[in-house]
Amino acid sequence: MNIVDTLDDNILAEFTSVVEAVNCAVEIQQDLAEQNAELPYNRQMQVGIGVHLGDVTEEEGRIYGDGVNIVAWVVSLS
């Protein structure tokens, strides 16, 4: 995993495979579920995770392309 960028509470990460990305998302959700189980509802953390497969171009440590544009659009909807 390569964390490419962060903005506020959003993280843009690049993975070498879709399987790696989905496994990471599942592991994060499982860990949060375990931690939330010990907390009252109003203290629980709810996290949305999206996975998108798309081509990107890397330039000077940043990524660009339709894959990034679609992710940015989806984030703007939430």
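Here, every reference points to the structure presented above.
Residues numbered from 1 in each chain as written. Predicted model: local features only at pLDDT ≥ 70, side-chain atom pairs only at ≥ 80, totals over all residues. Heavy atoms only, no water.

1. With respect to the overall build of the protein
Consideration 1: Across its full length, the protein holds two helices and four strands.
Consideration 2: Listing each helix as α and each strand as β along the protein from the N terminus yields β-β-α-β-β-α.
Consideration 3: Its C-alpha atoms give the protein principal-axis dimensions of roughly 45 × 25 × 20 Å.
Consideration 4: Taking all 78 residues of the protein together, the buried fraction comes to 10%.
Consideration 5: Intrachain contacts of the protein at a sequence separation of at least 6 include 27% that bridge at least 24 residues.
Consideration 6: Carbon and sulfur atoms form 53% of the exposed surface of the protein, whose accessible area is close to 6,500 Å². (Helix = DSSP H or I, 4+ residues; strand = E, 2+ residues; numbered from the N terminus. Buried < 20%, exposed > 50% of the residue type's maximum accessible area, 1.4 Å probe, protein only. Contact = heavy atoms within 4.5 Å. Areas by Shrake-Rupley, 256 points an atom, 1.4 Å probe, with all protein chains shown as cover.)

2. As for the layout of surface pockets
Consideration 1: Estimates place the volume of the largest pocket at around 1,400 Å³.
Consideration 2: For the lining of the largest pocket, the element with the most residues is helix α2 (residues 66-77), which contributes seven residues. (1 Å grid on protein atoms, 1.4 Å probe; cavity = no way out; pocket = protein on both sides within 12 Å on 5 of 7 lines; lining within 4 Å. Points joined across faces, edges and corners; volume = space filled by probe spheres on them.)

3. Brief notes about a nonpolar patch on the surface
Consideration 1: On the surface, Val-18, Val-22, Val-26, Ile-28, Met-45, Val-47, Ile-49, Val-51 and Leu-53 cluster together into a nonpolar patch covering about 720 Å² of accessible area.
Consideration 2: Here Val-51 lies in the loop between α1 (18-36) and β3 (57-59). (Patch = residues over 30% accessible without salt bridge, like charges linked within 9 Å, V, L, I, M, F, W, Y side chains within 5 Å. Salt bridge = Lys/Arg side-chain N within 4 Å of Asp/Glu carboxyl O.)

4. A word on the pairing of strand β1 (residues 2-7)
Consideration 1: The pairing of β1 with strand β2 (residues 10-14) spans five bridges and is classified as antiparallel. Paired with Thr-6 across the two strands is Ile-11, which belongs to β2.
Consideration 2: Hairpin connection of β1 to β2: two residues between the antiparallel strands, including Asp-8 at a positive phi of 55°. (Pairing = 2+ DSSP bridges.)

5. A word on the pattern of salt bridges
Consideration 1: Evaluation of the coordinates by the stated rule reveals one salt bridge.
Consideration 2: Residues Asp-5 and Arg-62 are paired through a salt bridge, measuring 3.5 Å at the closest nitrogen-oxygen approach. With a gap of 57 residues between them, Asp-5 in strand β1 and Arg-62 in strand β4 (residues 62-64) connect regions that are remote in the sequence.
Consideration 3: A residue is classified by how much of its surface remains accessible, and Arg-62, at 41% relative accessible area, is partly exposed.

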